[in-house]
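Spelled out from the first residue to the last, the chains are:
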Amino acid sequence: MNVDLNLSLRGQADLMFIAPTYTFATPVLGGQLSATLASVYGRNSASIAGTLTTAVGPIVTTRNGFLEDALVSYGDLYPTLKLKWNNGLHNYMV
């Protein structure tokens, strides 16, 4: 008996991270306030292809198969607030 399995696996992910930020001109608590709303958007795909060949004496059997899946989606929104102060050479951020 002879068994031969040949597989090909492929995966790809194209992601984009978006994080627009706005910095307020008016000082808040003596510091500079900025707000960010970040998210991720993208597409991922995966596929597998294979060939299985079995041979028992003069009898040879071959099976081919292919599976593929893809997804386009977006992630959660991540709001962030930052408050920054500057004192000479020293910088502080919350």
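Predicted, not measured: the structure shown is a model, and the values here were computed from it.

**A few points about the overall build of the protein chain**
Now for step 1: Within the protein chain, the regular secondary structure consists of 0 helices and 6 strands.
Now for step 2: Order of helices (α) and strands (β) in the protein chain, N terminus to C terminus: β-β-β-β-β-β.
Now for step 3: In terms of overall size, the protein chain is more extended than a compact globule, its C-alpha atoms giving a radius of gyration of 27 Å where 94 residues would be expected to give roughly 12 Å.
Now for step 4: Projected onto its principal axes, the C-alpha coordinates of the protein chain cover approximately 85 × 25 × 15 Å.
Now for step 5: The proportion of buried residues among the 94 residues of the protein chain is 14%.
Now for step 6: Within the protein chain, residue pairs in contact and separated by at least 24 positions form 59% of the contacts whose partners lie at least 6 positions apart.

**Description of unusual backbone geometry**
Now for step 1: Positive phi, normally seen in glycine, also occurs at leucine 29, with a value near 55°.
Now for step 2: Looking at where leucine 29 falls in the secondary structure, it is placed in the loop between β2 (21–23) and β3 (32–56).

**Some thoughts on the pairing of strand β4 (residues 59–74)**
Now for step 1: Burial runs low along β4: only 0 of the 16 residues are buried.
Now for step 2: Here β3 folds back onto β4, and the loop between the two strands holds 2 residues, one of which, glycine 57, carries a positive phi near 65°.

**Some thoughts on the side chain of threonine 36**
Now for step 1: Assignment of secondary structure puts threonine 36 in strand β3.
Now for step 2: Overall, the relative accessible area of 11% leaves threonine 36 in the buried class.
Now for step 3: Looking at threonine 36, its side chain comes within polar contact range of the side chain of threonine 21, at 2.8 Å.
Now for step 4: Other than its neighbours up to four places away in sequence, threonine 36 contacts Ala19, Pro20, Thr21, Tyr78, Pro79, Thr80 and Lys82.

Definitions and cut-offs
Residues numbered from 1 in each chain as written. Predicted model: local features only at pLDDT ≥ 70, side-chain atom pairs only at ≥ 80, totals over all residues. Heavy atoms only, no water. Helix = DSSP H or I, 4+ residues; strand = E, 2+ residues; numbered from the N terminus. Rg over C-alpha atoms; globule rule 2.2 N^0.38 Å. Buried < 20%, exposed > 50% of the residue type's maximum accessible area, 1.4 Å probe, protein only. Contact = heavy atoms within 4.5 Å. Pairing = 2+ DSSP bridges. Polar contact = N/O pair within 3.5 Å; in protein donor to acceptor, adjacent residues only side chain to side chain.

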